[in-house]
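Residue-level listing of the chains:
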Number of protein chains: 2
Amino acid sequence: MAYSKHEDGLSRRDFLRGSALLGAGLTTAAALAACAPAPAGGGAGDGGAQSAVDITWDKEADVVVVGFGGAGGAAAVEAAKAGAKVIVLELTAEGGGSTAINGGFVMLGGTALQEELGVEDSTEEFGKYLAAAAGGTGNPDAWKFMADGAPALYDWCLEVGMTFDKTLDEGKVGGGRPGLGLAYSGNERAREYAAIAKPAPRGHIVSPEGTGAGFFRPLKAKSEELGVELLYETTGQHLVLDDTGRVVGVTASDASGKTLNIKALRGVCLTAGGFGMNPEMMAAHFVYDVTPAYPTAAASENGIGIQMGLEIGADTFGMSRHALGSALYGPQGSELLKGVLVGPNGRRLIAEDEYYAFVGRAICAAKNGFIIADETINAAILSMGPKEPLATAASIEELAAAIGVPPTVLASTIAVYNEGAATGEDPEFGKHAEFLVPLATAPFYAYYNGPEGMYYHTCGGLKINLDAQVLDLAGDPIPGLYAGGRNSNIAYGYYVGSGSSMLDVFTFGRIAGQRAAAATPVA
Amino acid sequence: MAYSKHEDGLSRRDFLRGSALLGAGLTTAAALAACAPAPAGGGAGDGGAQSAVDITWDKEADVVVVGFGGAGGAAAVEAAKAGAKVIVLELTAEGGGSTAINGGFVMLGGTALQEELGVEDSTEEFGKYLAAAAGGTGNPDAWKFMADGAPALYDWCLEVGMTFDKTLDEGKVGGGRPGLGLAYSGNERAREYAAIAKPAPRGHIVSPEGTGAGFFRPLKAKSEELGVELLYETTGQHLVLDDTGRVVGVTASDASGKTLNIKALRGVCLTAGGFGMNPEMMAAHFVYDVTPAYPTAAASENGIGIQMGLEIGADTFGMSRHALGSALYGPQGSELLKGVLVGPNGRRLIAEDEYYAFVGRAICAAKNGFIIADETINAAILSMGPKEPLATAASIEELAAAIGVPPTVLASTIAVYNEGAATGEDPEFGKHAEFLVPLATAPFYAYYNGPEGMYYHTCGGLKINLDAQVLDLAGDPIPGLYAGGRNSNIAYGYYVGSGSSMLDVFTFGRIAGQRAAAATPVA
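Residues numbered from 1 in each chain as written. Chains lettered and ligands numbered in written order. Predicted model: local features only at pLDDT ≥ 70, side-chain atom pairs only at ≥ 80, totals over all residues. Heavy atoms only, no water.

Here we look at the pairing of strand E19 (residues 444-448) of chain B
Residues and elements named next belong to chain B. Summarising burial for E19: four of the five residues are buried, a large majority. The sheet contact formed by strand E17 (residues 370-374) and E19 spans five bridges and is antiparallel. Note on E19: the bridge partner recorded for Phe 370 is Tyr 448. (Buried < 20%, exposed > 50% of the residue type's maximum accessible area, 1.4 Å probe, protein only. Helix = DSSP H or I, 4+ residues; strand = E, 2+ residues; numbered from the N terminus. Pairing = 2+ DSSP bridges.)

What follows is the structure, given as structure tokens:
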């Protein structure tokens, strides 16, 4: 708990009590988190605070969901299935959020689809991969929790009406593909992670779209079928608390700019996505010294859901953690992977065939990247389609000079790489033999692969527990408030692979809806 | 402004107005930031909220300063000099914070001391270095502001009673040294930064201690001389706001655990340091996949000052940005600098003679580091004192195998390094000739230089403007609240050099005290 290192052992709720003694005219910060009036008999002046008028509610539901993407859809469906009256507020005219525009993967292990396709996997190996790939700043318990729930989550996806083709591709696949059902979508086969967890294709690709649209379409249909009230072009603005500090509603702004006060009898679910489209929040939290160009986030990812929580003293987790991808690699990247990726100093950055979010992170850390190819590899690259090299030269040294990389360094980098490639080994990074081809035939080519080519999305958000309850600065759940998806962060660390975000989006979106629907209604 | 991407154009203050319409019993999050009661005539139930009792104040001052280190001392001195009655709350029995235990540098440019010692420098070149070294996530305007104020800040240091010896050492110096007045304390001479700004020694070392104790001793004496009331073993707990949302005091806990309510007529200055000693905050915000072992922060850096601001909806900046140093380098590191620092893959990480916070960052990013030496360099290293190598071997390849680094890679790294060193050049990173010695004489040695050897301190904190006003989530100043030092962050980015923290600690600590003392008192 954030307070544990303080003299102060009091929790947020202690303050709600304590603050009453201060009366309504002046109050401590913690009391602000509830605006607590004095209790009966609390003193002459306190009586006033008790005679509070009610806010004028324009609408009322058991559960109010803020943001209608993958997490909001999962929350709405689960709350409605539990019998709750649900209202969803969505900024856009149709909903979908970043889920509807993503690569179509949900990363799962130990599923019926894997079994049908003869893939050996288990929730244990899946959980080990996730915890390792998230790195030292991730939350292994949360990843284990998600991995353990993966088989049931797959079944839920089918129940909701999502479909997955019974086809498997074990090649490197960086994004969804219509007709493909299961593929590798992370860094499972990279030397470092294969040593920790048995690799398996875990990227479950939704059909027929082969993009995230296939996740949202059935979620939206199921929400409508269950009678969820969907308010489009309406955005959540602020949370409303009662005098005990419980979240009891939200204020929203509708298409006409009119403010709506919406009461939530049982709970509010914040599922409004990340903050990739909020430049001020990015400037405050982005950690690399470069600017990736392409957010893989919906335009609606403006951080409002995170701000709504921050306003009432919610804590955050990992706001500086992002998914960063090299756009040059990816679905059709396999021939490019035979090139050698070097940084500004002429040394390699990573095994070129690692999952491209790991590649992207390495490029951002190095501030720049170049892919070096020889004539043979370049012919293969061009066979995939036209591509303009940054420079061409008769020798590696001349190529290095042309792109501003130290020639003797690049020459030694390629020499060591070629020596290994000739024997099918990459001692430096463990790149797989299928992509190891010596760069031997002049002329040589350099392709630019700098940070401007990166895409990104945010992983940080409001700190939640395994019950999707939003935690305050003292580590206590804020009554009546739940969150899921990129509006929250319980697990990242590094981004672990395509479909990992949908894993946590569905897992905690569902739990948020379930817990909110099951909460005791406000008086 | 954080809200600028929202439908919602309202500021925090707008809500203080708007919220009144909601009455006191239920309130929006933004209203919580003020706990605003209804205005007269606001409705039947509102009258009560207006009849608020006052908090019982135990003490009162114009300015209340939370935390008595460098920033708190600067704030207290400036506020008292302006004629304000000042109360300082300090967790420890003597004060000092991280300032009193630091390396004794304040980084300044264009000062009288530089001129007296014949050093050519200007605020322009200083500002260019600071902005470049802070990197793409830093705030160049804030660094320029601090650089422009540096000559006057040096004069203020003398006024307060700090002294600086009139001696210059242009060698690499990683920490203060009694008797030394001016030295290089950052990365000014590294290839990348020397190309941007003219290098100059800017680390002004306080005497006679040659450590930060020399900063705090006179600040404490001056505070006492000016009649500042110093409450030791008393820690700030929460901010107190009035019904307009202005900060009007703090609650504190004294040595006996008794709560004190202290009224601040003009303002509160949060100067309680960073959060390096708060494991939960570190886990939420630290960004590297390793754990540095040694906080260069006082035990009192528990994050309470940052939490006090967060509780009332203050924004933060760069919470993920830290100073990271390699403890293996530093004051007596010069012979070690002749070694070659490589990562787990056998490639160099950085020019070994760069400022050790830059070296430390490179090691943390690579997750591990080893210093490779030959017999000649090792003899020089041992001449500095006993040191246990991790491994010794007759060849580079055998040494590599012994430490788990790919032998062919390390061999090529050393070969390229030696080739350059023989001609006094380091094409890869631009290490200076004085440290470039070929590794040619067997046996060879490897010294461990991994993250466990790192020290760190936090750079992130409450977001402030150039007037040291704490900003809320909408980007508006929170009335009555100021912050400085590591309790705040306006400029980092990367850590830029020893003494840069004291530059911003003194600059914004002073401004916080000045602005608070000049504020209109509460009714």
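On we go from here.
Some words on the nonpolar core
The biggest cluster of nonpolar side chains holds 291 residues, and the ones touching the most others in it are A:Ile372, A:Phe506, B:Ile372 and B:Phe506. If sequence neighbours within four positions are ignored, B:Phe506 has contacts with B:Gly70, B:Ala74, B:Val106, B:Leu153, B:Trp156, B:Cys157, B:Met162, B:Phe215 and B:Leu219. (Core = buried A, V, L, I, M, F, W, Y, C linked by side-chain atoms within 4.5 Å. Contact = heavy atoms within 4.5 Å.)

Focus: the pattern of salt bridges
Residue and element names in this part refer to chain A. Following the criterion strictly, the structure yields 43 salt bridges over all chains and no others. With a shortest N-O distance of 2.8 Å, Asp 426 and Arg 348 are connected by a salt bridge. Here the residue Asp 426 occupies a position in the loop between helix H16 (407-422) and strand E19 (444-448), and Arg 348 occupies one in the loop between strand E16 (340-342) and helix H13 (356-366), the gap between them amounting to 78 residues. The exposure class of Asp 426 is buried, given its relative accessible area of 6%. With relative accessibility at 5%, the residue Arg 348 sits in the buried group. Three or more residues joined by partner-sharing salt bridges are found here, namely Glu 78, Lys 81, Glu 159 and Arg 510. (Salt bridge = Lys/Arg side-chain N within 4 Å of Asp/Glu carboxyl O.)

Some points on the sheet that holds strand E24 (residues 488-489) of chain A
All names here are of chain A. Strand order in this open sheet of three strands is E14-E21-E24, and the pairing throughout is mixed. Across the chains shown, the open sheet's two edge strands, defined by having one partner strand only, are strand E14 (316-317) and E24. When E14 meets strand E21 (residues 461-463), the two strands line up antiparallel, connected through two bridges. Bridge pairing in E21 links Phe 317 to Gly 461.

Some words on the sheet that holds E16(A)
All names here are of chain A. Taken in spatial order, the four strands make up an open sheet running E16-E17-E19-E18, and their pairing is antiparallel. Both outer strands of the open sheet, E16 and strand E18 (391-393), are each paired with one neighbouring strand and no more. This sheet shows a mean twist of 25 degrees between the axes of neighbouring strands, independent of strand direction. With respect to the sheet, helix H14 (residues 375-383) is in contact with strand E17 (370-374) and E19, its orientation differing from that of E17 by roughly 110 degrees. (Axes fitted to C-alpha atoms, helices over the stretch in contact; angles between N-to-C directions.)

Some details on helix H10 (residues 213-225) of chain A
Residues and elements named next belong to chain A. A rise of 1.5 Å per residue sets the reference length of H10, with its 13 residues, at 18 Å; its end C-alpha atoms lie 18 Å apart and thus fit the reference within 8%. Residues Gly 214, Phe 215, Phe 216, Pro 218, Leu 219, Lys 222 and Ser 223 constitute the buried set of H10. Residues of H10 that are buried sit in contact with helix H4 (70-81), strand E4 (105-107), helix H8 (150-160), strand E5 (163-164), strand E8 (203-207) and helix H17 (500-518). Residue Gly 227 follows H10 closely and has a positive phi angle near 80 degrees. (Expected span 1.5 Å × (residues − 1).)

Some thoughts on the environment of B:Tyr494
Looking at the element boundaries, B:Tyr494 is found in the loop between strand E24 (488-489) and helix H17 (500-518). Exposure remark for B:Tyr494: the relative accessible area of 14% places this residue in the buried category. For the pair B:Tyr494 and B:Gly97, spaced 397 residues apart in the sequence, the C-alpha separation amounts to 22 Å. Every residue in contact with B:Tyr494, bar those within four places of it in the chain, is listed here: A:Val287, A:Asp289, B:Ala133, B:Ala134, B:Gly135, B:Thr137 and B:Arg361.

Quick look at the pairing of strand E23 (residues 477-483) of chain A
Residues and elements named next belong to chain A. Summarising burial for E23: five of the seven residues are buried, a large majority. Across three bridges, strand E12 (residues 259-270) lies against E23 in parallel orientation. Bridging from a neighbouring strand, Cys 269 pairs with Tyr 482 of E23. Pairing geometry for strand E22 (residues 469-471) and E23, over two bridges, is antiparallel. Within E23, the position partnered with Leu 471 by the bridge is Pro 477. Between E22 and the antiparallel strand that follows it, E23, lie five residues; Gly 475 among them carries a positive phi value of about 90 degrees.

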